[in-house]
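# Structure assessment
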Amino acid sequence: MTHHTSLSRLNLCLYLAIVALVVVYGQELLWAIVELPNYTRHKIRSPRETKMLEQAKAEMGGGGDPQRALVLLEASIEIDPNSEAVFWLGEYYYRSRQFEEAMPQFLRYLAIDPSDLNTYLRLAAIHRRRRELDGAREVLREGIAYFSRFSEQYKPAADDTVNAFFRLKAARVYSRLRWSLRTLEAELQRLEGLEE
């Protein structure tokens, strides 16, 4: 009888835990359940925060409502604080010429994704606008160091034992890293030319 009672209590605890998970994560669980068949076919729909980001980017385009873009970006970041929406919130402020608000967003996004070329360029541009050329150079040099390190690390090797698909993918990553490196080096040279 004791064994039966403890099993009943265990079932009750398990049931309550499941109910609590459904209450707290109901929308996310529903999305996961609905999208599971699509996931197995590699056709998964974007989560809610990604849709908000896409709507915000559209609003920031020509003829959109910038205030609506701001609301959508903030809502997207509230759901996923480590998403691309952080960059776009910085971009919103940058385009609105609110550089003091843009700077921390770009710095935050750089910590999330240090491989984003545009973040380095925006940070350098803000420093230039503030006439902080040393700050602009420092940001560009950080980016150059990052892309130099990883372009050497991901340099594809002519290894026939590696599948051709993966060699091609490595070559694309390497090409993107090298292009980013050259872009930052050119920007640094341009900045150095402004001082002369």
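Below, the structure is looked at part by part. As the structure is a prediction and not an experimental result, all values here were calculated from the model. (Residues numbered from 1 in each chain as written. Predicted model: local features only at pLDDT ≥ 70, side-chain atom pairs only at ≥ 80, totals over all residues. Heavy atoms only, no water.)

### Some details on unusual backbone geometry
- With a phi close to 65°, Arg-97 is a non-glycine residue in the positive phi region.
- Assignment of secondary structure puts Arg-97 in the loop between helix H4 (85–95) and helix H5 (99–112).
- Taking relative accessible area as the criterion, Arg-97 reaches 56% and is therefore assigned exposed.
- Of note, Arg-131 is a non-glycine position whose phi angle comes to about 60°, a positive value.
- Looking at Arg-131, the relative accessible area reads 74%, which means it is exposed. (Helix = DSSP H or I, 4+ residues; strand = E, 2+ residues; numbered from the N terminus. Buried < 20%, exposed > 50% of the residue type's maximum accessible area, 1.4 Å probe, protein only.)

### Describing the pattern of salt bridges
- For the structure shown, the criterion picks out 12 salt bridges.
- Its salt-bridge partner being Lys-57, residue Glu-84 comes within 3.8 Å of it at the nearest N-O pair. Remark: Lys-57 occurs in helix H2 (residues 48–60) and Glu-84 occurs in the loop between helix H3 (66–79) and H4; sequence separation between them is 27 residues.
- Since its relative accessible area comes to 35%, Glu-84 is described here as partly exposed.
- Note on Lys-57: relative accessible area 25%, which makes it partly exposed.
- Taken together, the shared-partner salt bridges connect Asp-134, Arg-137, Arg-141 and Glu-192 into one network. (Salt bridge = Lys/Arg side-chain N within 4 Å of Asp/Glu carboxyl O.)

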